Amino acid sequence: MIPLFLRRMNTAAIIAGSVCVLGLLVLLIVPSSPLGHRPRPSENLQSFDGVLDHSNQTYDHIKSKLYVRASRKLKAGDAGGAEALYREIVAKYPNDPDSYEALGACLFFQDKSEEARAEYLHTLALKPQSVGALYGLGCVGYKQARSIEAKDYLERALTLDPGNSLCHRVLGSVYEQMGDAPRALSHYERAVALDPSIAGDAVIQQRVKALKQ
């Protein structure tokens with residue numbers, strides 16, 4: 001589950017939370033059977049908690065306001081409106097890698113994979129160890145059937161954050177795409193071990209069962 005953000009947060013926490021939520025939404029729209037059907041935007045956003053307005057506790061009032069507005073747009077199903085706000089954030093904070101990462105996730109959420117890829121790469125240029133950008137690039141590579149590229153990005157992300165269940169889950173799908181059933185099963189099982197809620201995912205249950213046969 002996506003945790004509801006607490007009121008007392010600084011700007012960095014708001015940004016990280018927004019990117020995390022977008023990352024979970026990205027996972028929901030990556031195509032093909034290992035990750036399930038492609039839900040409608042309203043389905044994607046059922047578990048989107050958004051963020052509360054905690055601008056009074058932040059050191060950057062403008063940035064926090066923009067992120068809050070963008071998250072509310074997403075919650076309302078207005079991904080285009082959210083994209084416009086993320087682009088405004090990028091324009092105001094051109095040296096902030098988290099802004100590009102959030103924009104990349106929002107673009108991927110709208111099936112704008114190449115545009116998302118460009119924003120994730122921009123993130124890495126500013127912050128080479130961005131797990132979120134590496135994860136996003138892995139999702140883009142998987143969606144576009146660039147399996148080797150997707151694998152490399154996700155493995156780099158796991159080197160930095162071995163306990164990232166989302167990376168393990170998508171990497172399992174990438175290995176299935178590559179025809180490597182043992183490694184796919186290993187990553188699915190690792191994802192479930194790290195996040196027990198994934199065990200209740202009917203699609204993952206189906207894939208694990210099929211790979212064990």
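Residues numbered from 1 in each chain as written. Predicted model: local features only at pLDDT ≥ 70, side-chain atom pairs only at ≥ 80, totals over all residues. Heavy atoms only, no water.

1. Section: the overall build of the chain
Scanning the chain for helices and strands turns up 11 helices and zero strands. Listed N to C, the secondary structure of the chain is α-α-α-α-α-α-α-α-α-α-α in terms of helices and strands. Long-range contacts, defined here as pairs at least 24 residues apart, represent 55% of the contacts in the chain between residues at least 6 apart. Surface exposure of the chain reaches about 9900 Å², of which carbon and sulfur atoms provide 53%. (Helix = DSSP H or I, 4+ residues; strand = E, 2+ residues; numbered from the N terminus. Contact = heavy atoms within 4.5 Å. Areas by Shrake-Rupley, 256 points an atom, 1.4 Å probe, with all protein chains shown as cover.)

2. Structural notes on the packing of aromatic side chains
The geometry of an aromatic ring pair is captured by two quantities: the separation of the ring centres and the angle between the planes. Tallied over the entire structure, the rule returns one aromatic pair. Between Tyr67 and Tyr86 the ring centres are 5.9 Å apart and the planes differ by 65 degrees, which places this aromatic pair in the edge-to-face class. Here the residue Tyr67 occupies a position in helix α3 (residues 61–75), and Tyr86 occupies one in helix α4 (residues 79–92), the gap between them amounting to 19 residues. Take Tyr67 and Tyr86: they sit in the same class, and that class is buried. (Phe/Tyr/Trp six-rings, centres within 6.5 Å; stacked < 30°, edge-to-face > 60°. Buried < 20%, exposed > 50% of the residue type's maximum accessible area, 1.4 Å probe, protein only.)

3. A closer look at the packing of helix α7 (residues 131–143) against helix α9 (residues 165–177)
Two elements in contact, α7 and α9, have axes whose closest approach is 10 Å; the angle formed by their N-to-C orientations is 25 degrees. The pairing of α7 with α9 is recorded here as roughly parallel in orientation. At the point where α7 passes α9, the crossing takes the left-handed sense. Facing α7, whose interface residues are Tyr135, Cys139 and Tyr142, α9 presents Leu166, Cys167, Val170, Ser173, Val174 and Gln177. Residue composition of the contact of α7 with α9, grouped by class: seven nonpolar, two polar and no charged. (Axes fitted to C-alpha atoms, helices over the stretch in contact; angles between N-to-C directions. Parallel < 35°, antiparallel > 145°, perpendicular 65-115°, else oblique. Left-handed = near helix turned anticlockwise from the far one by under 90°. Nonpolar A, V, L, I, M, F, W, Y, C, P; charged D, E, K, R; others polar.)

4. Some details on unusual backbone geometry
Only a minority of non-glycine residues have a phi that is not negative, and only a minority of peptide bonds are not trans. Its identity is not glycine, yet Asp111 carries a phi of approximately 65 degrees, on the positive side. Inspection of the secondary structure puts Asp111 in the loop between α5 (97–109) and α6 (113–126). Since its relative accessible area comes to 36%, Asp111 is described here as partly exposed. Non-glycine residue Ala145 carries a positive phi angle of around 60 degrees. Topologically, Ala145 is positioned in the loop between α7 and α8 (147–160).

5. Topic: the side chain of Ser173
Within the element layout of this structure, Ser173 appears in helix α9. In terms of polar contacts, Ser173 uses its side chain to reach the side chain of Tyr188, at 3.1 Å. (Polar contact = N/O pair within 3.5 Å; in protein donor to acceptor, adjacent residues only side chain to side chain.)

6. Some words on the packing of α4 against α5
Where α4 meets α5, the closest approach of the two axes is 9 Å, and the angle between their N-to-C directions is 160 degrees. Taken together, the axis directions place α4 and α5 in an arrangement best described as roughly antiparallel. Crossing of α4 against α5: the hand is left-handed. In this structure, α4 uses Ala79, Ala82, Glu83, Tyr86, Arg87, Ile89 and Val90 to contact α5, whose residues at the interface are Ser99, Tyr100, Ala102, Leu103, Cys106, Leu107 and Phe109. Considering only residue class, the contact of α4 with α5 consists of 11 nonpolar, one polar and two charged.

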